[in-house]
Amino acid sequence: MRYALLVVAGGILFGTTGTTGALAPAGATPLSVGAVRLAFGGLLLAAIGVVAHVAAKRSGRAGFGPGRRITGRDVLAVVVCASVIMIFQPTFLQGTRANGVMVGTMIALGSSPMFAGLFEWLVLRQRPRVSWLVATAISVGGIVAMSRTGGLPVRISPGGVADSLVAGACYATLAVGAKWLLGRGWKPLDVAVASMTIGAAMALVTLTRTDISWVAQPRGMAVAAWLAVATIAAAYTLNMAGLAHTSAAAATTLNLAEPATATLLSLVVLGEAVTPDRILGIACIVSGVLLLGFAARRGGG
């Protein structure tokens, strides 16, 4: 139960990303907000990794990495993970800005398992199971429902939907890349620290070409601090600590804390509207994720 609560706590912190980004001061673009989040949060997580590495060395445990010589394929996998982390930041925030936190978050997270199954087939040579096909069909139906206006006086932005789908694909690529590295002997913390450190370096380069004057405002400072400390450093640390002692099936269900938090905050803080189409979409996406979790628990298709 303790480790399950850690996963839930991490998911809740992750789930505040969209709403926090929406509260950024005027002039803050999705690219600048995402770059600030990754640059400072990634560097903070890197510092946590260094401390953990030093503690492990002093206690005689294995040091950083897979416990063997790091190959070019390892480096390539880490760079790919870092790159998709960087791409995820502006596309996710642009998707939530275009269509709202509720719709943007649910489309991104709802499409991620669909992309993950496809990428596992292409990269890890794991053929999709029947459960994945069914869950994908249900989730696609949910995404379509979430994309309908349902009589609202606003239009759904196709570009925003595309951004959310790209963010979902990035999230899935990270999951598959991390799984590949773990299969080669990497430890979860080392995968996160290596990927986030390189991602933070990419974000720092982006910051030199982006207007971040909004960070100097009190609200900007608060947004930047929360995104970096809470939604990256603390969220990843809690999530990794919990996942180390939680089954994949249970984690799939527990990670629903992220979209649940995002949806609740979008209603309470941002005042986004709920329609029958959106309720149906959320139900479909959650059902698809739960189906994958139950299938993983049974180990069958």
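Residues numbered from 1 in each chain as written. Predicted model: local features only at pLDDT ≥ 70, side-chain atom pairs only at ≥ 80, totals over all residues. Heavy atoms only, no water.

Q: Hey, could you run me through the overall build of the chain in this one?
A: Summing up its helical and strand segments, the chain has twelve helices and zero strands in all. Along the chain, helices and strands appear, N-terminal first, in the series α-α-α-α-α-α-α-α-α-α-α-α. Summarising the internal contacts of the chain: among those between residues at least 6 apart in sequence, 89% fall at separations of at least 24. Of the roughly 13,900 Å² of accessible surface on the chain, 69% is carried by carbon and sulfur atoms. (Helix = DSSP H or I, 4+ residues; strand = E, 2+ residues; numbered from the N terminus. Contact = heavy atoms within 4.5 Å. Areas by Shrake-Rupley, 256 points an atom, 1.4 Å probe, with all protein chains shown as cover.)

Q: Looking at this structure, I do not really get the pattern of salt bridges. What am I missing?
A: A side chain of one charge can pair with a side chain of the opposite charge when the charged atoms of the two come close. Enumeration according to the criterion identifies two salt bridges in this entry. Aspartate 74 serves as the salt-bridge partner of arginine 184, at 2.8 Å between the closest nitrogen and oxygen. Taken together, the positions of arginine 184 in the loop between α7 (158–183) and α8 (188–207) and aspartate 74 in helix α4 (residues 72–99) put the pair 110 residues apart, joining distant regions of the chain. Residue classification places arginine 184 among the partly exposed residues on the basis of a relative accessible area of 26%. A residue is classified by how much of its surface remains accessible, and aspartate 74, at 0% relative accessible area, is buried. Salt-bridge contacts for lysine 187 lead to aspartate 190; the nearest nitrogen and oxygen are separated by 3.1 Å. (Salt bridge = Lys/Arg side-chain N within 4 Å of Asp/Glu carboxyl O. Buried < 20%, exposed > 50% of the residue type's maximum accessible area, 1.4 Å probe, protein only.)

Q: So what exactly am I meant to see when it comes to α4 here?
A: Residues spaced three or four apart along an α-helix face the same direction, because each turn holds 3.6 residues. With 28 residues, α4 should cover 40 Å at 1.5 Å per step; its first-to-last C-alpha distance of 40 Å lies within 8% of that length. The principal kink in α4, of about 30 degrees, is found at phenylalanine 88, preceding the proline proline 90 by one to four residues. A positive backbone phi angle near 95 degrees is found at glycine 100, which sits one or two residues after α4. (Expected span 1.5 Å × (residues − 1). Bend = angle between axes of the 7 residues up to and from the residue.)

Q: Would you mind going over the nonpolar core with me for this structure?
A: Nonpolar side chains in soluble globular proteins tend to end up buried together. The biggest cluster of nonpolar side chains holds 34 residues, and the ones touching the most others in it are Val33, Leu38, Met196 and Tyr236. Among all residues touching valine 33, those that are not within four sequence positions of it are Gly21, Ala24, Ala28, Leu93, Trp214 and Leu227. One finds Ile107, Ile143, Val161 and Ile285 within the second-largest nonpolar core, a separate group that totals nine residues. (Core = buried A, V, L, I, M, F, W, Y, C linked by side-chain atoms within 4.5 Å.)

Q: Would you mind going over the environment of valine 193 with me for this structure?
A: As for its placement among the helices and strands, valine 193 is situated in helix α8. Spatially, the C-alpha atoms of valine 193 and alanine 82 are 9.9 Å apart, while their sequence positions differ by 111 residues. In contact with valine 193, not counting residues within four places along its chain, are Leu45, Ala46 and Gly49.

Q: Would you take a moment to explain a nonpolar patch on the surface for this structure?
A: Where nonpolar side chains cluster on the molecular surface, the patch consists of Leu23, Leu264, Leu267, Val268, Val269, Val274 and Ile279 and spans about 610 Å² of accessible area. The dominant element in the nonpolar patch, judged by the number of residues it contributes, is helix α11 (residues 257–268), at three residues. The topology assignment puts valine 268 in helix α11. By relative accessible area, which is 63% here, valine 268 ends up exposed. (Patch = residues over 30% accessible without salt bridge, like charges linked within 9 Å, V, L, I, M, F, W, Y side chains within 5 Å.)

Q: How should the environment of threonine 237 be read in this particular structure?
A: Residue placement: threonine 237 occurs in helix α9 (residues 218–243). Residues threonine 237 and isoleucine 48, 189 residues apart in the sequence, show an inter-C-alpha distance of 8.7 Å. Look past the residues within four positions of threonine 237 in its chain and what remains in contact with it is Leu45, Ile48 and Ile232. Of the polar contacts made by the side chain of threonine 237, one reaches the backbone oxygen of alanine 233; its length is 2.7 Å. (Polar contact = N/O pair within 3.5 Å; in protein donor to acceptor, adjacent residues only side chain to side chain.)

Q: Even after reading the chapter, I still don't get the packing of helix α3 (residues 30–58) against α8, so can you show me in this structure?
A: Working note: a packed helix pair is described by the angle between its axes plus the distance between those axes. Packing of α3 against α8 brings their axes to within 7 Å, and their N-to-C directions diverge by 140 degrees. The pairing of α3 with α8 is recorded here as oblique in orientation. Crossing of α3 against α8: the hand is left-handed. Looking at side-chain class alone, the contact of α3 with α8 contains 18 nonpolar, six polar and no charged residues. (Axes fitted to C-alpha atoms, helices over the stretch in contact; angles between N-to-C directions. Parallel < 35°, antiparallel > 145°, perpendicular 65-115°, else oblique. Left-handed = near helix turned anticlockwise from the far one by under 90°. Nonpolar A, V, L, I, M, F, W, Y, C, P; charged D, E, K, R; others polar.)

Q: Help me understand the side chain of threonine 263 in this model?
A: Examined against the element boundaries, threonine 263 turns out to sit in helix α11. Assessed through its relative accessible area of 13%, threonine 263 is described here as buried. Excluding its chain neighbours within four sequence positions, the residues that come into contact with threonine 263 are Met102, Met106 and Ile282.

Q: How should the side chain of glutamine 89 be read in this particular structure?
A: Among the secondary structure elements, glutamine 89 is positioned in helix α4. Here the side chain of glutamine 89 touches isoleucine 85 through a polar contact of 3.0 Å, landing on its backbone oxygen. In contact with glutamine 89, other than residues within four places in its own chain, are Gly34, Arg37 and Leu38.

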